[in-house]
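Examination of the molecular architecture
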Amino acid sequence: MTKDMTSGNPLKIILLFSIPVLFGNLFQQFYNMFDTIIVGQFLGEDALAAVGATGSIMFLVLGFASGIAQGFGVMVSQAFGAKDIARLKHYVGVSLVLGLIVSVVLTVITVIFSRDLLVFMNTPENILAMADSYIRIIFYGIVCSMFYNIASGILRGVGDSKTPLYFLILSSVLNIVLDLFCIVVLKWGVAGAAYATIIAQGISALLCFIYMFKKFDILQITKSDCRLDGVTVRQLIALGIPMALNYSLIAVGSMILQSAVNVFGSSVVAAFTAASKVEQISTQTMPTLGTTMSTYCGQNLGAGKFVRIFKGMRIGLIIGLCCAGLAAIICAGFGRPFVSIFLSNPSDTVLSYATQYLNTISCFFVFLTFIYLYRTSLQGLGRGIMPMVSGIFEMICRVATVQLLLAPFGYWSVRLASPVAWIGAGVPLMISYFIWCRNIRRKYQIPKNADESFSL
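Remember, it's a predicted structure, so these values are computed and weren't measured experimentally. (Residues numbered from 1 in each chain as written. Predicted model: local features only at pLDDT ≥ 70, side-chain atom pairs only at ≥ 80, totals over all residues. Heavy atoms only, no water.)

Let us now look at the overall build of the chain. Helix and strand content of the chain: 16 helices and zero strands. Taken against the 2.2 N^0.38 rule, which gives 23 Å for 456 residues, the C-alpha radius of gyration of the chain at 21 Å falls within 12% of a compact globule. Structurally, the chain occupies a C-alpha span of about 65 × 45 × 35 Å along its principal axes. Within the chain, the fraction of its 456 residues that count as buried is 58%. Roughly 17900 Å² of accessible area belongs to the chain as shown, and the carbon and sulfur atoms make up 67% of that amount. For the chain, the separation between the mean place of its 30 positive charges and that of its 18 negative charges on side chains is 12 Å. (Helix = DSSP H or I, 4+ residues; strand = E, 2+ residues; numbered from the N terminus. Rg over C-alpha atoms; globule rule 2.2 N^0.38 Å. Buried < 20%, exposed > 50% of the residue type's maximum accessible area, 1.4 Å probe, protein only. Areas by Shrake-Rupley, 256 points an atom, 1.4 Å probe, with all protein chains shown as cover. Lys, Arg positive; Asp, Glu negative; His and termini not counted. Charge placed at Lys NZ, Arg CZ, Asp CG, Glu CD.)

Printed below as a string of structure tokens:
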């Protein structure tokens, strides 16, 4: 059930590994989409705006948790590539302990300050109470999100991209059923959508761990594997924290963008929320590629197969450019009808704001591809600092665009904030990867025409 990515045809391995990850990402987006559709259709525009207004805060917190989990998974993939099973099991055990500690700390902090964050972001008064009700419940369920991401990262680290998909499908179906039950039957409002999300994710995480420990011999840990020692903790934190901070830095920029959107009122917030859902779904091939290349690079780094990394990354770039073209066609060509799915009887104003945003960002998806491909690959190669620095660049560019263009150009600041941020982060990441390639070739004296049979 595991997959060794250090041998075989790289294109075939990358594509076969990517397919379950893509379906998993799409299912995750679809159940988020159903959250949005059910809220918009049954609770109205203000409720949809309330849920949308929490998006960047959720990304700030849950992205931090997800980044840590991904960092732990990278260390597992490197140990798997090196065929060091004892070290792999120790990484798994310590990851679980650290994940629990981080979850508790994040939950306490976020529950206390959730309303303050919403106020700071200029959340419209008419949706503030609903937004706080929704996000506070989500924060109580941080541990569910953390442990699902840890389980998924571990399984992908050993080359299994299918098992996380199966449990995510279960979670998606359960989430939809619970959405309808909590919102339509129990009449719990936006809080019902939040309860549905954390319950579904918690059940999925629990079942995933039970299955993982039962079916995977190399992941069956003992109490001694969970012992916290300084070396292992530092290794995991050294990669997990920069990845987590990277997500948080991006989220801070997104929060500033969301605060700019909030200034225009709840109608524009609803338009931006719906358009963002279309953007997220159409670009899911990009984070899929990133997840795949992180595991691919991590395993081959552990095995010392640098030439194979070079070849795989070239293939990844070609795939990524195709993904960018497909996403642009969806957003620019079919954005308006897709936006209409999320709202009942949307006004022409809402549709106009949404399609303007989608038409603008679709021209810059190639730079978003650079971010997902090179950021995650560098993380898989154990180079966590530059991805974090790129997050700083992305945040600065997004914030600067909003601050400089909001007053003179209004909604154009919202339309251009993400494209400018993608350029500011994507180009340095690409340059950083090629510098790493040059340094590795010089260090090990690898000729440019070397093939996979080249021995260091």
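Summarising the element assignment, glutamine 220 is placed in the loop between helix H8 (190-215) and helix H9 (230-263). On the accessibility criterion, glutamine 220 (33% relative accessible area) is partly exposed. Expressed as a C-alpha distance, the spacing of glutamine 220 and glycine 93, which sit 127 residues apart in the sequence, is 9.4 Å. In contact with glutamine 220, other than residues within four places in its own chain, are Lys89, Phe213 and Lys214. (Contact = heavy atoms within 4.5 Å.)

Below, the discussion takes up the nonpolar core. Counting 130 residues, the largest nonpolar core has Leu219, Phe365, Tyr433 and Trp436 as the members making the most contacts within it. A total of 15 residues in this core trace back to one element, the largest contributor, which is helix H3 (residues 55-81). In this view, phenylalanine 365 contacts Thr283, Met286, Ala324, Ala327, Ala328, Cys331 and Trp422; residues no more than four positions away in its chain are not counted. (Core = buried A, V, L, I, M, F, W, Y, C linked by side-chain atoms within 4.5 Å.)

Okay, the side chain of serine 390 next. Along the chain, the position of serine 390 falls in helix H15 (residues 385-409). Taking the relative accessible area as the measure of exposure, serine 390 reaches 0% and is therefore buried. Those residues in contact with serine 390, other than ones at most four positions away along the chain, are Asn246, Arg375, Ala425 and Leu429.

With that out of the way, let us pick up helix H7 (residues 163-185). The terminal C-alpha atoms of H7 lie 32 Å apart, and with 23 residues this matches the ideal 33 Å at 1.5 Å per residue to within 8%. Among all positions in H7, only Thr163, Pro164, Leu165, Phe167, Leu168, Ser171, Ser172, Asn175, Leu178, Asp179, Cys182 and Ile183 are buried. Just beyond H7, the residue with positive phi is lysine 187, at close to 60°. (Expected span 1.5 Å × (residues − 1).)

Moving on, we come to a nonpolar patch on the surface. Judged by side-chain polarity, Leu170, Phe181, Val185, Leu186, Trp188, Tyr195, Ile199, Ile203, Leu206, Leu207 and Ile210 come together as a nonpolar surface patch covering roughly 950 Å² of accessible area. For the nonpolar patch, the element with the most residues is H8, which contributes six residues. Judged by relative accessible area, valine 185 falls into the exposed class, the value being 53%. (Patch = residues over 30% accessible without salt bridge, like charges linked within 9 Å, V, L, I, M, F, W, Y side chains within 5 Å. Salt bridge = Lys/Arg side-chain N within 4 Å of Asp/Glu carboxyl O.)

A negative phi angle characterises most non-glycine residues, just as the trans form characterises most peptide bonds. Unusually for a residue other than glycine, lysine 83 sits at a positive phi of about 60°. Relative to the elements of secondary structure, lysine 83 occurs in the loop between H3 and helix H4 (85-120). Backbone geometry places glutamine 445, a non-glycine residue, at a positive phi of 50°. Its place among the elements puts glutamine 445 in the segment after helix H16 (412-444).

Below, the discussion takes up the pattern of salt bridges. For the structure on display, the rule yields six salt bridges. Across the pair arginine 115 and aspartate 132 runs a salt bridge, and its minimum N-O distance is 4.0 Å. Pair noted here: arginine 115 is in helix H4 and aspartate 132 is in helix H5 (residues 125-140), with a separation of 17 residues, a long-range link. Among the residues examined, arginine 115 registers a relative accessible area of 37% and is labelled partly exposed. Classification of aspartate 132 by relative accessible area gives buried; the value is 8%.

The next point concerns helix H12 (residues 306-341). Between its first and last C-alpha, H12 extends only 46 Å over 36 residues, short of the 52 Å set by a 1.5 Å rise per residue. At glycine 335, H12 shows its maximal kink, close to 80°; a proline, proline 337, follows between one and four residues later. (Bend = angle between axes of the 7 residues up to and from the residue.)

In this section: the packing of aromatic side chains. Each pair of aromatic rings is reported with the distance of its centres and the angle of its planes. Summed over all chains, the structure comprises 17 aromatic pairs. Ring centres of phenylalanine 306 and tyrosine 444 lie 5.0 Å apart, and the angle between their planes is 25°; on these two criteria the pair is classed as stacked. Placement of phenylalanine 306 in helix H12 and of tyrosine 444 in helix H16 is noted, with a sequence separation of 138 residues between them. Residue classification places phenylalanine 306 among the buried positions, given a relative accessible area of 8%. Seen from their ring centres, tyrosine 433 and phenylalanine 434 are 5.3 Å apart, and the 65° between their planes marks the pair as edge-to-face. Residue tyrosine 433 is classed as buried on the basis of its relative accessible area, which comes to 3%. Each residue in the set Phe306, Phe310, Phe367, Phe370, Tyr374, Tyr433, Phe434, Trp436 and Tyr444 is aromatic and connected to the rest through ring pairs, giving one cluster. One residue, arginine 415, lies across the ring of tryptophan 412, its end atom 3.8 Å from the ring centre. (Phe/Tyr/Trp six-rings, centres within 6.5 Å; stacked < 30°, edge-to-face > 60°. Lys NZ or Arg CZ within 6 Å of the ring centre and 35° of its normal.)

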